[in-house]
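Here is what each chain is made of, one letter per residue.
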Amino acid sequence: MAAVAAAALLCVIPGVAQADPGPGAGECSSFSSPVPQGQLASTLCLPSAPTDTLMVLMSGSNYNGTYWDFQYQPETYNFRRAMNAAGFATLIVDRLGNGASTHPPSLTLTATATAQALHEIVQTARRGIAGAQPFGKVVTVGHSLTSGTSVIEATSHHDVDGVLLTGYSHALNISETLGVISTYYQAANDPVFAGQNLDPGYLTSRPGTRMHDFHGEGNVDPEVLAIDERTKETFSLTEYPDGLTSTLPGMSSFITAPVLIVNGGLDRLACGTNYSICRDSATLQAAEAPFFGPSAKLQAFVLPGSGHSVNLARNTVAYHRAVIDWMNSTVRQ
């Protein structure tokens with residue numbers, strides 16, 4: 001099955017290049033990649049100068065590719081453009097059941113299947129994807145649920161050159177996580193997804209809950225919050241059980257590539273009780289270091305005042321700089 005999926009990923013369907021890839025970027029192209037359950041919607045953006053380094057960006061539950069390619073005030077909030085301007089290629093991929101990708105029956109969705117698809121993407125990128133030259137270095141970039149996916153992929157296959165985990169830690173606050181889950185309801189009942197014929201297992205956040213669940217108080221632009229509500233996404237709770245195993249002791253210690261963990265200082269999910277492990281970057285690194293081996297060369301960064309969705313905090317540019325510094329000093333070496 002893996003060999004078939006890998007071959008299928010080579011058969012991409014080119015799309016229309018984006019009109020404004022942004023400063024420091026060359027052409028962007030959108031395409032679909034076949035996988036056993038359907039099609040993964042992807043967008044590849046190349047920097048203006050040649051590069052052998054690709055960052056694969058996959059958003060977690062509640063978000064799609066818009067999270068990485070935010071069009072409002074892109075000089076501040078657009079992570080993809082910041083990475084392209086720094087000289088890195090980016091590949092944004094929507095999970096199955098998410099964004100423009102296929103929505104199979106919700107009960108068939110799992111983090112393990114997503115991790116396998118991510119593995120095939122990594123392998124295909126090394127051969128050449130969507131007409132691009134093969135990439136010598138591939139870094140996976142996850143947010144929340146897909147940080148767990150990245151951990152599963154990296155420990156299963158050992159085929160990446162770096163792992164960026166955002167909204168992730170081994171001090172998951174269970175009570176707060178259950179509190180966030182309690183705000184979910186069937187996406188078919190939400191105006192954002194009217195007419196999409198989603199089965200009852202597809203969930204989304206209730207209107208008006210995202211400020212408390214995903215953002216730091218006072219650290220989000222009201223327009224960003226409004227766009228966040230309009231572009232929110234569907235997911236299935238069946239993706240959570242195996243995805244959450246990545247936050248248990250043991251698994252992450254087998255990662256053999258450099259790791260950067262980024263959390264917002266007010267992340268109610270990933271910062272432990274009373275945000276205890278996110279007081280600053282040194283505290284987060286000390287808390288997470290026991291869960292990683294020496295090959296991970298673990299580094300950590302805390303974005304002060306940010307909630308779970310660090311890409312959308314007012315001060316997110318500081319996080320962009322930390323990621324670029326890590327990419328240049330650790331991954332590119």
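Residues numbered from 1 in each chain as written. Predicted model: local features only at pLDDT ≥ 70, side-chain atom pairs only at ≥ 80, totals over all residues. Heavy atoms only, no water.

What follows covers the packing of aromatic side chains. Scanning the entire structure with this criterion turns up nine aromatic pairs. Summarising the aromatic geometry, the rings of Tyr67 and Trp68 are spaced 5.1 Å apart at their centres and angled 80° between planes, so their arrangement reads as edge-to-face. With respect to burial, Tyr67 and Trp68 carry one shared label: buried. Seen in terms of ring centroids, Phe70 and Tyr77 are 6.1 Å apart; in terms of plane orientation they differ by 70°. Their pairing is edge-to-face. By the burial criterion, Phe70 is buried, and Tyr77 matches it. Taken together, the aromatic side chains of Tyr63, Tyr67, Trp68, Phe79, Phe214 and Tyr319 make up a single cluster linked through ring pairs. For the cation-ring pair, Arg210 lies above Tyr63, with the distance from its terminal atom to the ring centre recorded as 4.7 Å. (Phe/Tyr/Trp six-rings, centres within 6.5 Å; stacked < 30°, edge-to-face > 60°. Buried < 20%, exposed > 50% of the residue type's maximum accessible area, 1.4 Å probe, protein only. Lys NZ or Arg CZ within 6 Å of the ring centre and 35° of its normal.)

A word on the confidence of the model for the chain. Scored by pLDDT, the chain comes out at a mean of 92, with 92% of its residues at no less than 70. Taken together, the stretch residues 1-19 has pLDDT below 50 and engages in 42 contacts with residues farther than four places along the chain or on a different chain. (pLDDT = per-residue confidence, 0-100. Contact = heavy atoms within 4.5 Å.)

Okay, the state of the cysteines next. The term disulfide refers to a covalent linkage connecting the sulfur atoms of a pair of cysteines. Counting across every chain of the model gives two disulfides. The disulfide bridge from Cys28 ends at Cys45, spanning 2.0 Å between sulfur atoms. Taking the sign of the torsion about the S-S bond as the criterion, the disulfide between Cys28 and Cys45, at about 115°, is right-handed. Here Cys28, found in strand S2 (residues 25-35), pairs with Cys45, found in strand S3 (residues 38-47); they are 17 residues apart in sequence, far enough to count as distant. One exposure class covers both Cys28 and Cys45, and it is buried. (Disulfide = S-S within 2.5 Å. Helix = DSSP H or I, 4+ residues; strand = E, 2+ residues; numbered from the N terminus.)

Positionally, Asn311 belongs in the loop between strand S11 (299-303) and helix H11 (316-331). Among the polar contacts listed, one links the side chain of Asn311 to the backbone oxygen of Tyr67, at a separation of 3.1 Å. Here the side chain of Asn311 touches Tyr319 through a polar contact of 2.9 Å, side chain to side chain. In this view, Asn311 contacts Tyr67, Trp68, Tyr77, Phe79, Thr316 and Tyr319; residues no more than four positions away in its chain are not counted. (Polar contact = N/O pair within 3.5 Å; in protein donor to acceptor, adjacent residues only side chain to side chain.)

Within strand S7 (residues 162-166), five of the five residues are buried, which leaves it mostly tucked inside the rest of the structure. Side chains Gly162, Leu164 and Thr166 project from S7 onto one buried face, and the interleaved Val163 and Leu165 project onto a second face that is buried too. Where strand S6 (residues 137-143) meets S7, five bridges bridge the pair, whose relative direction is parallel. Pairing of His143 across the sheet is with Thr166, part of S7. (Pairing = 2+ DSSP bridges.)

The next point concerns the nonpolar core. One finds Leu54, Leu91, Leu165, Val259, Ile261 and Phe292 to be the most contacted residues of the largest nonpolar core, which totals 44 residues. Looking at this core element by element, the count peaks at five residues for helix H4 (residues 111-127). If sequence neighbours within four positions are ignored, Leu165 has contacts with Gly142, Ser147, Ser150, Val151, Val259, Leu260, Ile261, Val262 and Phe292. In terms of nonpolar packing, the next biggest core, distinct from the first, is built from 41 residues, Val220, Val262, Ala322 and Val323 among them. (Core = buried A, V, L, I, M, F, W, Y, C linked by side-chain atoms within 4.5 Å.)

Right, let's get into the environment of Ala322. Mapped onto the secondary structure, Ala322 falls in helix H11. Here the alpha-carbon distance between Ala322 and Val262, two residues 60 residues apart in the chain, equals 9.1 Å. Ignoring anything within four residues of it in the chain, the contact list for Ala322 reads Leu260 and Phe301.

Two measures define how a pair of helices packs: the angle their axes make with one another and the distance between the axes. Relative orientation of the contacting elements H4 and helix H5 (residues 145-157) amounts to 60°, with a least axis distance of 8 Å. As the angle between them shows, H4 and H5 are arranged oblique. For the crossing formed where H4 meets H5, the hand is right-handed. Between H4, through Ala111, Thr114, Ala115, Gln116, Leu118, His119 and Val122, and H5, the contact on the second element is made entirely by Thr149, Ser150, Ile152, Glu153 and His157. Looking at the contact of H4 with H5, its residues break down into five nonpolar, six polar and one charged. (Axes fitted to C-alpha atoms, helices over the stretch in contact; angles between N-to-C directions. Parallel < 35°, antiparallel > 145°, perpendicular 65-115°, else oblique. Left-handed = near helix turned anticlockwise from the far one by under 90°. Nonpolar A, V, L, I, M, F, W, Y, C, P; charged D, E, K, R; others polar.)

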